[in-house]
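A look at the structure
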Amino acid sequence: MTIDFVRLLDSFVRLRPQLISFSRKRRMDHSLAEDLVQDTWIKIQTAPSQGAINNPAAFIRTTANNTTTDYVRKVRRRKDIDAEIEDILGDSSDDITPERTVMGRQTLRAVTDTLNQMPERTRRIFLMSRVEGYTHKSIAEMEAITEEAVYYHIRRALERLAVLRDTLDY
């Protein structure tokens, strides 16, 4: 181990409680805060070496802040996608009438047809995310692509479903 790595590790160990506290202030539970701190260490440890780090504490805090901010953005993006899906699926009224049943079947058939017309990878990623509940990170690992690419596949699927929604007469 180099001296710089030892200094960095020592600083990280000393700052760890503060880093967890920082994440918890963003309304995260303790286990999620712990995970984000662990992700911070992984990012620090795997970052390309760019010479000596003059202020390890500042470097660690900045990395922790960026890691937490990235996580919050991903959660927000996922909520936006979920809201769009809810909008696409439409009315959430509890009244079940014969007319609504027929309309529901027609909508399901149209959604199925639209999904089947999508490129295989886009459809698979969309279904893994929205039906099977996989995270963007796990989908990215399974598909050997970036999380950003996962997001764009889901976005493309949602755009096609939005076009379908706009064409339905009911």
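Structure report, in brief. Only a predicted model underlies this, so the values are computations on that prediction, with no experimental measurement involved.

Definitions and limits used
Residues numbered from 1 in each chain as written. Predicted model: local features only at pLDDT ≥ 70, side-chain atom pairs only at ≥ 80, totals over all residues. Heavy atoms only, no water. Helix = DSSP H or I, 4+ residues; strand = E, 2+ residues; numbered from the N terminus. Rg over C-alpha atoms; globule rule 2.2 N^0.38 Å. Buried < 20%, exposed > 50% of the residue type's maximum accessible area, 1.4 Å probe, protein only. Contact = heavy atoms within 4.5 Å. Areas by Shrake-Rupley, 256 points an atom, 1.4 Å probe, with all protein chains shown as cover. Lys, Arg positive; Asp, Glu negative; His and termini not counted. Charge placed at Lys NZ, Arg CZ, Asp CG, Glu CD. Expected span 1.5 Å × (residues − 1). Salt bridge = Lys/Arg side-chain N within 4 Å of Asp/Glu carboxyl O.

Side note on the overall build of the protein chain
Secondary structure summary: the protein chain contains seven helices and zero strands in total. Here the protein chain has a C-alpha radius of gyration of 22 Å; the compact-globule value for 170 residues is 15 Å, and the former is much larger. Taken over the C-alpha atoms alone, the protein chain extends approximately 70 × 30 × 20 Å along its principal axes. Within the protein chain, the fraction of its 170 residues that count as buried is 31%. Looking at the protein chain alone, contacts between residues at least 24 apart form 68% of all its contacts between residues at least 6 apart. Accessible surface, the protein chain: about 11,300 Å² in total, of which carbon and sulfur atoms supply 52%. Taken together, the 27 basic and 26 acidic charged side chains of the protein chain have centroids lying 7 Å from each other.

Section: the side chain of E143
Mapped onto the fold, E143 is located in helix α6 (residues 136–143). On the accessibility criterion, E143 (11% relative accessible area) is buried.

Examining helix α7 (residues 147–167)
Taking 1.5 Å of rise per residue, 21 residues should cover 30 Å, and α7 covers 31 Å from first to last C-alpha, within 8% of that figure. Listed as buried for α7 are V150, Y151, H153, I154, A157, L158, L161, A162 and L164.

Observations concerning the environment of A64
Within the fold, A64 resides in helix α3 (residues 56–89). Taking the relative accessible area as the measure of exposure, A64 reaches 4% and is therefore buried. Considered as a pair, A64 and L19 are 45 residues apart in the sequence and their alpha carbons are 6.8 Å apart. Excluding residues that lie within four positions of it along the chain, A64 makes contacts with L19, F22 and T40.

Focus on the pattern of salt bridges
With the rule as written, the count across this model stands at eleven salt bridges. With its nearest N and O atoms 3.8 Å apart, the salt bridge here joins R73 to D70. Of this pair, R73 and D70 both sit in helix α3, three residues apart, which is roughly one turn of the helix. On the accessibility criterion, R73 (48% relative accessible area) is partly exposed. For the salt bridge of R124 with E120, the shortest nitrogen-to-oxygen distance reads 3.5 Å. Of this pair, R124 and E120 both sit in helix α5 (residues 120–130), four residues apart, which is roughly one turn of that helix.

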